[in-house]
Amino acid sequence: MSERTLAIIKPDAVAKHAIGDIIRRYEEAGLFPVAMKMMRLSKGVAEGFYAVHRERPFFNDLTTYMSSGPVVVMVLEGKDAVKTHRDLMGATDPKKAAPGTIRAAHGASIEANAVHGSDSTENAQIEIRYFFAESNLG
């Protein structure tokens, strides 16, 4: 079933000029961008996006990192997009990510792990609406 998921290419991967390779991997896996923008998240926007983690000890470091440089935010569409994207990303810790995954190829640490992806179809809808108006989705 075709569905949509949110993907963010994080500041570390943008700084390494990995945007093209990451998007190529998405497309080869059958996930196609239907909306995309490069932006720099303010600390407040990052805090709002990651609000579910507000009480976690890593919250401040995560939101500081996510607002440290430009990111590419996109909506990917394809068959079982959430699961396909999560499989393609690999484990949160790049050192534990399977060979061939985005995080194994481009991640440096648990925090600087190249990409974010929605963890469920419900969260994908919430996350997509956080960054894109319905009128911006193809």
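Keep in mind that what you see is a predicted model, and the values were worked out from it rather than measured.

Q: In this structure, what is going on with the layout of surface pockets? I would like to understand it.
A: Over the atoms, a rolling probe the size of a water molecule traces out where space has been left empty. Its boundaries defined by the atoms lining it, the largest pocket holds a volume of some 690 Å³. Contributing to the lining of the largest pocket are 25 residues, with Tyr50, His53, Phe58, Leu62 and His116 lying nearest its centre. Among the elements of the structure, α3 (43-49), α4 (59-66), α5 (81-89), β4 (115-117) and α7 (121-131) are those that each provide at least two residues to the lining of the largest pocket. The element contributing the most residues to the lining of the largest pocket is α7, with four residues. Here the lining of the largest pocket is built from residues that sort into eleven nonpolar, seven polar and seven charged. Taken together, Met1, Glu3, Arg4, Thr121, Ala124, Gln125, Ile128, Arg129, Glu134 and Leu137 form the lining of the second largest pocket. Looking at the lining of the second largest pocket, the elements that each hand over two or more residues are β1 (2-9) and α7. Here the lining of the second largest pocket gets five residues from one element, more than from any other, and that element is α7. In terms of residue class, the lining of the second largest pocket is built from four nonpolar, two polar and four charged.

Q: Mind showing me how you'd approach the side chain of threonine 101 here?
A: Residue position: threonine 101 is located in the loop between α5 and α6 (102-106). With a relative accessible area of 7%, threonine 101 lands in the buried category. Dropping the residues within four chain positions of it, threonine 101 is found in contact with Arg25, Asp87, Leu88, Met89 and Gly90.

Q: Would you take a moment to explain the UniProt feature "active site" (unreviewed entry) in the protein for this structure?
A: Within this structure's numbering, the places UniProt gives as "active site" (unreviewed entry) are His116. Residue placement: histidine 116 occurs in strand β4. A relative accessible area of 11% means that histidine 116 is categorised as buried. Residues in contact with histidine 116, not counting those within four places in the same chain, are Leu6, Ala7, Ile8, Lys10, Phe49, Tyr50, His85, Met89, Arg103 and Glu127.

Q: I keep staring at the UniProt feature "binding site: ATP" (unreviewed entry) in the protein and nothing clicks. Help me out?
A: Taking the numbering used here, the UniProt-annotated feature "binding site: ATP" (unreviewed entry) corresponds to Lys10, Phe58, Arg86, Thr92, Arg103 and Asn113. For the largest pocket, the lining residues drawn from the annotated set are Lys10, Phe58, Arg86, Thr92, Arg103 and Asn113. Examined against the element boundaries, threonine 92 turns out to sit in the loop between α5 and α6. Residue threonine 92 is classed as partly exposed on the basis of its relative accessible area of 44%. With sequence-adjacent residues up to four places away left out, threonine 92 is seen in contact with Arg103, Ser109, Ile110 and Asn113. Within the element layout of this structure, arginine 103 appears in helix α6. Among residues more than four places away in sequence, those in contact with arginine 103 are Met89, Gly90, Ala91, Thr92, Pro94, Ala97, Asn113, Val115 and His116.

Quick notes on the rules
Residues numbered from 1 in each chain as written. Predicted model: local features only at pLDDT ≥ 70, side-chain atom pairs only at ≥ 80, totals over all residues. Heavy atoms only, no water. 1 Å grid on protein atoms, 1.4 Å probe; cavity = no way out; pocket = protein on both sides within 12 Å on 5 of 7 lines; lining within 4 Å. Points joined across faces, edges and corners; volume = space filled by probe spheres on them. Helix = DSSP H or I, 4+ residues; strand = E, 2+ residues; numbered from the N terminus. Nonpolar A, V, L, I, M, F, W, Y, C, P; charged D, E, K, R; others polar. Buried < 20%, exposed > 50% of the residue type's maximum accessible area, 1.4 Å probe, protein only. Contact = heavy atoms within 4.5 Å. UniProt positions renumbered as here; feature names shortened; annotations may be inferred.

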